[in-house]
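Take a look at the letters that make up each chain.
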Amino acid sequence: MKKKLVSLILVAAMLGTLIGCGSEPAGNGSAGASGPAESTAAAQGETAQPLEASENPDEWPVIAVQSLSYDMPDETMVEDALNEYLVSINAGVKVDLIGINFGDLATQMTLMLSDNQNPLDVFCWRFYSNVDSCVKNEQCISLDPYKDVYPDLWEMYPEKVLKTQQVSGVQYAVPSVDSYATYEVYALRKDIAEELGIADRDGERITLDEMTQIMKDAKAIHPEFSYMVNTNDEAVLDIDSLGNPNWLGVLFNRGVDNTEIVNLYETEEWRDFCYRMKDWNEAGLQLDDPLNNERTITQYNNGVAAGCYLGGYSPDYIKALISYSPYEPIEFQLTDLVGTSASVLGGWMISTVCKNPDAAMKILYLMATDEVVARYMILGIEGHNYTVDENGIARFPEGVDANNATWNMNGPWYYPNQCLSLPLEVEMSTYYTDMLDAPNHAKFSEAMGFIFDSAPVYDQMAACTTVVAEYRDALLYGLVDVDSYLEKFNEELKAAGIDEIIAEEQKQFDAWLAAQ
């Protein structure tokens with residue numbers, strides 16, 4: 001099987017040339033296939049058929065599948081092992097793993113999803129786009145014809161989760177398995193919590209007022225640290241932003257039992273939040289020069305900040321996520337476990353340039369349901385790329401870590417079903433079983449799956465986005481006088497048309513709710 005490098009794909013796409021390296025090219029469908037996906041039953045919305053395997057595996061279609069392992073030494077080895085397994089189960093399809101350089105993801109993906117000669121057949125929209133945009137740009141096909149072919153696949157997901165990967169009721173993506181819900185905690189360095197005598201409160205639910213006092217108490221004994229990294233946190237603000245990072249229309253209570261879309265910026269809740277941020281800044285709790293500083297977990301790990309927000313589905317999961325940090329945290333829970341559309345972090349699609357969607361859907365089905373397939377893609381080869389300890393935890397081989405590993409094992413969450421894999425280098429053996437159980441204990445937004453079509457208010461959206469970019473961050477980090485700045489902010493939002501946006505959102509949301 002050839003190793004297809006992204007750099008060569010880019011050259012081919014630009015020059016219109018065909019890349020060939022000996023064996024059959026990925027994405028070639030079956031022998032003699034020449035047309036794009038539009039000619040298939042799946043693309044036409046008809047009933048698809050189960051993939052039938054030829055008796056000769058050399059004649060099987062080869063499907064190009066996106067991989068996180070870009071330019072990794074073991075690509076060919078892992079790919080060959082995976083294909084040997086696919087032959088052993090008579091899958092009827094083989095794969096060509098396509099690693100993509102995330103440094104230029106947008107350009108590479110756009111080119112590959114329009115390349116009829118060397119198509120990328122199966123891909124994830126995470127970090128690249130979203131479901132709605134991929135559909136509007138005609139980069140993916142409907143998966144509805146495969147609901148009867150693979151019923152056990154769709155039964156894996158809560159109905160609300162499936163809706164997040166739909167447009168106008170049509171399924172376009174298989175969701176990446178996750179907890180589908182998170183809650184926020186305030187994480188304070190354990191050594192400082194011990195000095196304050198509050199380390200025994202690990203896991204306790206607190207209010208923002210109590211959190212503020214904890215930060216101020218910590219600042220009094222350790223003024224050299226900041227105690228907050230990033231205040232742009234929708235869960236702490238208690239909103240469902242409906243997928244809009246500028247918060248141009250939100251649901252309070254994170255959308256749980258609430259269907260009224262409001263203008264956040266003119267509410268008392270937002271004004272009070274801005275006053276709180278002003279207080280935090282004046283007390284020295286925020287990072288220095290926050291608008292020009294890196295506002296990531298790196299500040300906590302590097303010892304610049306001694307506290308920050310963290311999110312996850314359980315206290316143990318959050319501790320596992322940050323176990324690599326030199327500073328163990330004490331966690332104080334701030335919010336409920338809630339799912340919104342934003343909680344579904346990725347979805348897997350079949351491209352419109354795929355020449356054999358039936359084969360592509362078969363491999364996507366196996367990625368989501370077959371433990372062996374999932375582990376090859378996520379962890380590589382057992383005994384070579386990883387070992388398994390007595391507690392079922394995957395470990396790097398001796399002398400190997402994330403920096404010199406020959407297969408990228410650090411992104412299980414990117415693939416269709418990370419829960420078929422093994423936890424990597426953590427001490428939480430229930431890492432994935434607890435993740436699967438989390439939706440059973442979560443609340444979900446009424447807007448989960450709703451996608452706002454902003455076309456009717458395109459000009460207003462553009463104008464309000466510009467206004468938000470000018471005013472919001474200064475308020476979020478307490479850098480300005482709240483009353484005067486907020487008054488100007490809201491005046492300009494009104495002039496830019498935020499009321500028209502809210503009205504259009506509510507109109508579409510009401511219609512969507514009525515159709516559910």
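Structure report, in brief. (Residues numbered from 1 in each chain as written. Predicted model: local features only at pLDDT ≥ 70, side-chain atom pairs only at ≥ 80, totals over all residues. Heavy atoms only, no water.)

1. Digging into the packing of aromatic side chains
Going by this rule: Pairing of aromatic rings covers Phe, Tyr and Trp, the last through its six-membered ring, and needs centres within 6.5 Å; plane angles under 30 degrees mean stacked, over 60 mean edge-to-face, and all others mean tilted. We call a residue buried when its accessible area falls under 20% of the maximum for its residue type, exposed when it is over 50%, and partly exposed in between, using a 1.4 Å probe and counting protein chains only. Only DSSP runs of H or I with at least four residues qualify as helices, and only runs of E with at least two residues qualify as strands; both kinds are numbered from the N terminus onward. Distance and angle both matter: a charge sits over a ring if NZ of Lys or CZ of Arg is within 6 Å of the ring centre and within 35 degrees of the ring normal.
Tallying each qualifying case throughout the model produces 22 aromatic pairs. Ring geometry for Y431 and Y432: centres 4.9 Å apart, planes at 90 degrees, overall edge-to-face. Judged by its relative accessible area of 10%, Y431 is buried. On the basis of relative accessible area, Y432 is assigned to the buried category, the value being 6%. Look at Y471 and F489: their rings are 5.5 Å apart centre to centre, the planes differ by 20 degrees, and that puts the pair in the stacked class. Of this pair, Y471 sits in helix 16 (residues 458–476) while F489 sits in helix 17 (residues 482–496), and the two are 18 residues apart along the sequence. Looking at Y471, the relative accessible area reads 5%, which means it is buried. Put simply, the rings of W247, Y265, W270, F273, Y471, Y485 and F489 touch in pairs and so form one group of aromatic residues. Residue placement shows R189 over the ring face of Y327; its charged tip is 4.0 Å from the ring centre. Over the ring of W247 we find R472; its NZ or CZ atom is 4.1 Å from the centre of that ring.

2. Some words on the pairing of strand 2 (residues 94–99)
Keep this limit in mind: Strands pair, by our definition, only if DSSP identifies at least two bridges between them. Look down the strands so they point away from you; if the path from the first strand over the helix to the second goes clockwise, the crossover is right-handed.
Of all six residues that make up strand 2, six are buried, and the element is covered over most of its length. Because side chains alternate across strand 2, one face comprises the buried residues K94, D96 and I98, and the other comprises V95, L97 and G99, equally buried. Pairing of strand 1 (residues 62–67) with strand 2, which is carried by six bridges, proceeds in the parallel orientation. Counted as the bridge partner of I63 is V95 from strand 2. Handedness of the strand 1-helix 2 (residues 75–88)-strand 2 crossover: right-handed.

3. With respect to the side chain of Q171
In plain terms, the rule: Under the rule applied, a polar contact is a pair of N or O atoms within 3.5 Å (in protein, one hydrogen donor and one hydrogen acceptor; residues adjacent in sequence only if both atoms are side-chain atoms). In this analysis, two residues are considered to be in contact whenever any of their non-hydrogen atoms come within 4.5 Å of each other.
Position of Q171 among the secondary structure elements: in strand 5 (residues 170–171). A distance of 2.9 Å separates a polar atom in the side chain of Q171 from the backbone oxygen of A173. If we skip the residues at most four places from it in the chain, Q171 touches S142, L143, D144, K147, W154, L162, Q165 and Q166.

4. Concerning helix 10 (residues 268–282)
Since one α-helical turn is 3.6 residues long, residues separated by three or four positions face the same way. Heads up, the condition is: Take the number of residues in a helix, subtract one, and multiply by 1.5 Å to get its expected span.
Between the first and last C-alpha of helix 10 there are 21 Å, a value that for 15 residues agrees with the 21 Å anticipated at 1.5 Å per step. Here the buried face of helix 10 lies against helix 8 (208–221), helix 9 (234–237), strand 10 (307–312), helix 16 and helix 17. Of the residues flanking the end of helix 10, it is G284, one or two places downstream, whose phi is positive at about 75 degrees.

5. A look at the layout of surface pockets
Formally: In this analysis, the protein atoms alone were mapped onto a 1 Å grid. Cavities are point sets where a 1.4 Å probe fits without being able to get out; pockets are open sets with protein on both sides within 12 Å along at least five of seven lines; lining residues have an atom within 4 Å of a point. Grid points are joined across faces, edges and corners, and a volume is the space filled by probe spheres set on the points. Just so you know the grouping, Ala, Val, Leu, Ile, Met, Phe, Trp, Tyr, Cys and Pro go in nonpolar, Asp, Glu, Lys and Arg go in charged, and all remaining residues, Gly too, go in polar.
Empty space within the second largest pocket amounts to approximately 300 Å³. Around the second largest pocket, the lining is made up of 15 residues, and of these V167, S168, G169, I451 and W512 lie nearest the centre. Mapped by element, the contributors of at least two residues to the lining of the second largest pocket are helix 4 (131–136), strand 4 (166–167) and helix 18 (498–515). Here the lining of the second largest pocket is composed, by residue class, of five nonpolar, six polar and four charged.

6. As for the packing of helix 16 against helix 17
Rules: For helices, the fitted axis covers only the stretch in contact; all axes are lines through C-alpha atoms, and the angles between them, taken along N-to-C directions, range from 0 to 180 degrees. Oblique is the label for any angle not covered by the other classes, which are roughly parallel (under 35 degrees), roughly antiparallel (over 145) and roughly perpendicular (65 to 115).
Between helix 16 and helix 17, the shortest axis-to-axis distance is 9 Å and the interhelical angle comes to 170 degrees. Classed by the angle they form, the pair helix 16 and helix 17 counts as roughly antiparallel. Counting all contacts with helix 16, which are made through Q460, A463, C464, V467, V468, E470, Y471, R472, A474 and L475, the residues of helix 17 involved are V482, Y485, L486, K488, F489, E492, L493 and A496. Residues of the contact of helix 16 with helix 17, tallied by class, amount to 13 nonpolar, one polar and four charged.

7. Here we look at the pairing of strand 10
Within strand 10, five of the six residues are buried, leaving the element largely enclosed by the surrounding structure. Where strand 7 (residues 183–189) meets strand 10, six bridges bridge the pair, whose relative direction is antiparallel. When the sheet's bridge partners are listed, A187 is paired in strand 10 with C308.

8. Comments concerning the packing of helix 13 (residues 357–369) against helix 14 (residues 371–379)
Contact pair helix 13 / helix 14: the axes reach a minimum separation of 6 Å and the direction vectors enclose 90 degrees. Relative to helix 14, the element helix 13 lies roughly perpendicular. Residues L366, M367 and T369 of helix 13 touch helix 14, and the partners they reach there are E371, V373, A374 and M377. Here the residues of the contact of helix 13 with helix 14 sort into five nonpolar, one polar and one charged.

9. Side note on the nonpolar core
Here is the rule: Side-chain atoms within 4.5 Å are what join buried Ala, Val, Leu, Ile, Met, Phe, Trp, Tyr and Cys residues into a set we call a nonpolar core.
Grouped together as the largest cluster of nonpolar side chains are 88 residues, with contacts concentrated most on V65, L153, Y157, W348, M361 and I363. When residues of this core are assigned to their parent elements, the largest contribution, nine residues, is made by helix 13. Setting aside anything within four residues of it in sequence, one finds Y157 in contact with L162, V174, P175, V177, Y180 and A368. Counting 61 residues, the second-largest nonpolar core is a separate cluster that includes I192, A193, I198 and L264.

10. As for the sheet that holds strand 10
Within a sheet, adjacent strands bond to each other through the backbone by hydrogen bonds, running parallel or antiparallel. Taken together, the three strands give an open sheet; going across it, the order is 10-7-11, and neighbouring strands pair in antiparallel fashion. The sheet is open, and its two edges are formed by strand 10 and strand 11 (329–333), each paired on a single side. Adjacent strand axes in the sheet meet at a mean angle of 35 degrees when their direction is disregarded. In this structure, strand 7 lies alongside strand 11, joined through five bridges in antiparallel fashion. Bridge pairing in strand 11 links A187 to E331. Across the sheet, helix 8 touches strand 7, strand 10 and strand 11, and the angle it forms with strand 7 is around 15 degrees.

11. Quick notes on a nonpolar patch on the surface
For clarity, the threshold we go by: Patch membership requires more than 30% relative accessible area and the absence of a salt bridge. Residues of like charge join within 9 Å; the nonpolar side chains Val, Leu, Ile, Met, Phe, Trp and Tyr join within 5 Å. All accessibility values rest on the Shrake-Rupley procedure with a 1.4 Å probe; residue burial counts only the protein chains present in the view. One side-chain nitrogen of Lys or Arg within 4 Å of one carboxyl oxygen of Asp or Glu is enough to make a salt bridge.
Residues F102, F127 and W413 make up a contiguous nonpolar surface patch of roughly 290 Å² in combined accessible area. As for its position among the elements, F127 is in the loop between strand 3 (122–124) and helix 4.

12. What to know about unusual backbone geometry
Positive phi outside glycine occurs at N90, with the angle close to 55 degrees. Taking relative accessible area as the criterion, N90 reaches 47% and is therefore assigned partly exposed. The residue S168 is not glycine, and still its phi comes out positive at about 55 degrees. Turning to its location among the elements, S168 is positioned in the loop between strand 4 and strand 5.

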